[in-house]
Amino acid sequence: MKELIQKAEVLHEALPYIRQFYGKVVVIKYGGHAMVDETLKEQFARDVVLMKYIGLNPVVVHGGGPQINQVLERMRIESSFVDGMRVTDAPTMDVVEMVLVGKVNKEIVNLIQLHGGRAVGLSGKDGGLIRAKKLYMKKKTEAHLPPEIIDIGAVGEVEAINPAVIETLDRGGFIPVIAPVGVGEEGETYNINADLVAGKVAGALKAEKLMLLTDVEGILDADGKLLSTIRQGEAPGLVEGKVIRGGMIPKLQCALDALADGVNKVHIVDGRVQHAVLLEIFTRGGVGTEILGS
């Protein structure tokens, strides 16, 4: 009986958050360990279905780097990276699109449907969802010289998001699952960083929340302790002081861009934690780091 009462108390704690976020859009960037561990994959699918059933509108944007690496290795296509971005020639782009759109995307859709949801898989080519342009990397040279421009192939950046197809699916009771592949003006295909796509999708939808699932606890301070809340205005100082560094910098920039585009709040969440998405949305303390506008 005590255990049953505790379950009822959990539901009572969640009630004000269910009421607050009813009908709101939550964009989730799904990646890292949460996409590899079988238990976490099942839990993520159930959590997203639960969100939809209680009145939220989840939108999933997924990565797939490890899965792409596996197929490239089997096909004996070498991979190289520049500042964490995959150099994407034509054969690599074919594999990226095949894995992200044809394999990973459909696996996520299938899992959500197995757990009672209705999901639809999309890439940026569907309904003109993600219009992209070629991304050129800039590398600093000597102080008196302009930066070196590096061509890394079919890697793109988001020019525009057409939210109409997502909004139509939301209204129809479907859960959109988006692969981060964009299309250029001439129909060319681009591989785009999933964090960046998630941020731009959240901004276009004016989402209540953007959640970035990672393989770390969140943003840590200089002493290695979790920063539960960061204000937008604090971010530059944290980067300059090297409190935020490495792979967390692009995630932070994604969060700041989303806030500037009208997203209410961004969360960087440890996807290795069971039910991390639900814990962040429906509990008082939440998990990970929340980033708020200034």
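Counting restarts for each chain, with residues numbered from 1 along the sequence as it is written. The model is predicted, so local features are restricted to residues of pLDDT at least 70 and side-chain atom pairs to those at 80 or more, both for listing and for counting; the totals for chains, interfaces and linings are taken over all residues. Side-chain descriptors were evaluated using all non-hydrogen atoms of the structure, hydrogens and water having been removed beforehand.

### Examining the pattern of salt bridges
- Salt bridge criterion: a side-chain nitrogen from Lys or Arg within 4 Å of a carboxyl oxygen from Asp or Glu. If you walk through the whole model with that rule in mind, you get 10 salt bridges.
- A salt bridge links Lys-125 to Glu-97; its shortest N-O distance comes to 2.9 Å. Separated by 28 residues along the polypeptide, Lys-125 in the loop between β5 (119-123) and β6 (130-139) and Glu-97 in helix α4 (residues 90-114) bring together distant segments of the chain.
- Given a relative accessible area of 22%, Glu-97 falls into the partly exposed group.
- Residues Lys-251 and Asp-195 are paired through a salt bridge, measuring 2.7 Å at the closest nitrogen-oxygen approach. Linking Lys-251 in helix α8 (residues 248-260) with Asp-195 in helix α6 (residues 194-205), this pair joins segments that are 56 residues apart in sequence. Asp-195 matches Lys-251 in its accessibility class, with the two residues each being buried.
- Look at the salt bridges and you will find they share partners, linking Lys-29, Asp-195 and Lys-251 into a network. Each helix corresponds to a stretch of at least 4 residues labelled H or I by DSSP, and each strand to a stretch of at least 2 residues labelled E; elements are numbered beginning at the N terminus. Throughout, exposure labels follow a simple rule: accessible area from a 1.4 Å probe, protein chains only, divided by the maximum for the residue type, with under 20% read as buried, over 50% as exposed, and the rest as partly exposed.

### Things to note about α8
- With 13 residues, α8 extends 18 Å from end C-alpha to end C-alpha; this agrees with the ideal 18 Å at 1.5 Å per step.
- Regarding α8, the residues found buried are Met-248, Lys-251, Leu-252, Cys-254, Ala-255, Leu-256, Ala-258 and Leu-259.
- Where α8 is buried, its residues meet β1 (25-30), α6, β11 (209-214), α7 (235-240), β13 (265-270) and β14 (289-292).
- Phi turns positive, to about 110 degrees, at Gly-262, one or two residues after α8. One less than the residue count of a helix, multiplied by 1.5 Å, gives the span that helix is expected to have. Every residue pair with non-hydrogen atoms within 4.5 Å of one another is taken to be in contact.

### A closer look at the environment of Thr-168
- Examined against the element boundaries, Thr-168 turns out to sit in helix α5 (residues 164-171).
- Owing to a relative accessible area of 46%, Thr-168 belongs among the partly exposed residues under this scheme.
- Considering only alpha carbons, one finds Thr-168 and Phe-282, 114 residues apart in sequence, at a separation of 26 Å.
- A polar contact of 2.9 Å, which involves the side chain of Thr-168, links it to the backbone oxygen of Ala-164. Residues adjacent in sequence count toward polar contacts only when both atoms are side-chain atoms; beyond that, a polar contact is any pair of N or O atoms within 3.5 Å, and within protein one must be able to donate a hydrogen and the other to accept it.

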